[in-house]
Each structure stands twice: as structure tokens, then as C-alpha cells.
Amino acid sequence: MATLISNITRDVYKNVTRGLFESHKKIFSFLIAVSINKESKLLSEELWSVFLRGAGLVDKFKKPVNPDKTMFSERSWDLAYSLDSKFPNFSNLTTHIISKLKLWAPYKEDPLTEKLPEEWNDRLDLFEKMLVVKIFRPEKVMFTLATYINKYLGSFFMESPNVSMRAIWEDSDNRTPIIFVLSPGADPTTVLLKLRD
């Protein structure tokens, strides 16, 4: 059964990425990994929602004061507090950040190579660590997708599959046409003529 699921997943990836721009392929792979992990209960719907939408409504009266407005925007600090108050693995995150801000400074500088301070590196799983990146450096979250994809799907889903015109032709029929979205200067005529022979 696992082999069948793996093969179907690879085929879906190969077929869908034929029609995607290069910059969108990584996002598609990430969405496949997330869907599999949500179905397997490795990732909760609530945590995924926070990843997509951010903190949502937070109680401003209970939220601790932002310890460093140059380090955290209000939105980022809201996210830190929201994770701390709603998810057990993030319990006391804001307290730890406030009390040991200097320990978090190197992580803020480069969250892609620096480990989380003290117990946080072992306490959080990979997806939860991506949320911490979102707190400190939201612009770097896109760079964390590759690690997540590699861990849960493998390197195949990070590559652009080789697609031959023959394979595309064999997948088409009178109800499934081949549609070319061409960049300026591209001309598939020669390839199509070779296919005819």
C-alpha cells in the first residue's frame, strides 16, 4: 500500500508540475507534504492555520510587552504570544524570549543556520521551528520549505522532473489536449515535427 501511495504521489507531482512555473514547484511540493502530514496527524489543522493566517485575535491585555521593537514587529510578537498561549509545545516561549533575549539574538540574525537556544531546539518539531522563523524573520520562511520537503518527501520533490514531448503526447487524447504556454522566442515546432516521425 505504501508503495502504491508513493507512486501515485510521484505521478501527481510529475503531471501537475508540467504546468507550473519553476518558482511555484517548491510551494506545490510543500503543500503535498503538508497534506500528507495533516492526514497522518503529524500536523494539526490549527497549527497549519496559524502558519497560513498568522496569530489572529489576541488578548492585548494579557499579552506581555514586546521586549524589543526593533527585533519584533507587533504582528510577530502577536504570533509569538498566540503560539505560547494556544499550543503546549510553545508554552513559556514569550517568557523565555523576554528573560533571555541575548540568547535569541544570534538566531534572529540567521535563523536558517543557527539552532534555537537552550531546550527549544529539541522541544519543537520541524514545522514548529518554521513558525519560530516566522516570528523572527518572516521573509525567510520560504527558504525553510526545502528542508521540510526533503524530510517528508525526499529530494525527488525538489527537482523539476524531466519531461519528454513523447510522454506528454502519450498522456494526451481528444479530450485532453496539449496546451503550450510559451515565453517570447520559444517555438516548439521542431520538437513537434520530430515527434511526428
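Above this note sits the structure.
Chemist: Mind showing me how you'd approach the pattern of salt bridges here?
Modeler: Where charged atoms from two side chains of opposite charge come close, those side chains can pair. For the coordinates displayed, the defined rule picks out 9 salt bridges. Among the ionic pairs, Lys60 bridges to Asp78, the shortest N-O distance being 3.1 Å. In this pair, Lys60 is assigned in the loop between α3 (45-53) and α4 (74-86) and Asp78 in helix α4, connecting sequence segments 18 residues apart. Take Asp78: its relative accessible area is 11%, and that puts it in the buried class.

Chemist: Explanation requested: the nonpolar core in the structure shown.
Modeler: In summary, soluble globular proteins display a tendency toward joint burial of nonpolar side chains. Grouped together as the largest cluster of nonpolar side chains are 43 residues, with contacts concentrated most on Phe30, Leu83, Phe90, Trp104, Phe127, Phe136 and Tyr148. Secondary-structure elements contributing two or more residues to this core are α2 (22-39), α3, α4, α5 (93-99), α6 (101-109), α8 (126-136) and α9 (141-152). Among the elements that make up this core, the one with the highest residue count is α8 (8 residues). Once you skip the residues sitting within four places of it in the chain, Tyr148 turns out to touch Phe30, Ala33, Val34, Asn37, Leu43, Leu126, Phe127 and Met130.

Chemist: Whenever I open this one, the packing of aromatic side chains confuses me. Can you help?
Modeler: Each aromatic ring pair is described using two quantities: the centre-to-centre distance and the angle formed by the ring planes. Counted according to the given criterion, the structure contains 17 aromatic pairs. Geometrically, the ring pair formed by Phe72 and Trp77 is tilted, given 5.1 Å between the ring centres and 50° between the ring planes. By relative accessible area, which is 1% here, Phe72 ends up buried. For Trp77, a relative accessible area of 0% puts it in the buried group. Here a set of aromatic residues connected by ring pairs shows up, and it is made of Phe30, Trp48, Phe51, Phe127, Tyr148 and Tyr152. One residue, Arg10, lies across the ring of Phe156, its end atom 4.2 Å from the ring centre. The positively charged end of Lys134 is found above the aromatic ring belonging to Phe51, 5.3 Å away from the centroid.

Cut-offs used in this document
Residues numbered from 1 in each chain as written. Predicted model: local features only at pLDDT ≥ 70, side-chain atom pairs only at ≥ 80, totals over all residues. Heavy atoms only, no water. Salt bridge = Lys/Arg side-chain N within 4 Å of Asp/Glu carboxyl O. Helix = DSSP H or I, 4+ residues; strand = E, 2+ residues; numbered from the N terminus. Buried < 20%, exposed > 50% of the residue type's maximum accessible area, 1.4 Å probe, protein only. Core = buried A, V, L, I, M, F, W, Y, C linked by side-chain atoms within 4.5 Å. Contact = heavy atoms within 4.5 Å. Phe/Tyr/Trp six-rings, centres within 6.5 Å; stacked < 30°, edge-to-face > 60°. Lys NZ or Arg CZ within 6 Å of the ring centre and 35° of its normal.

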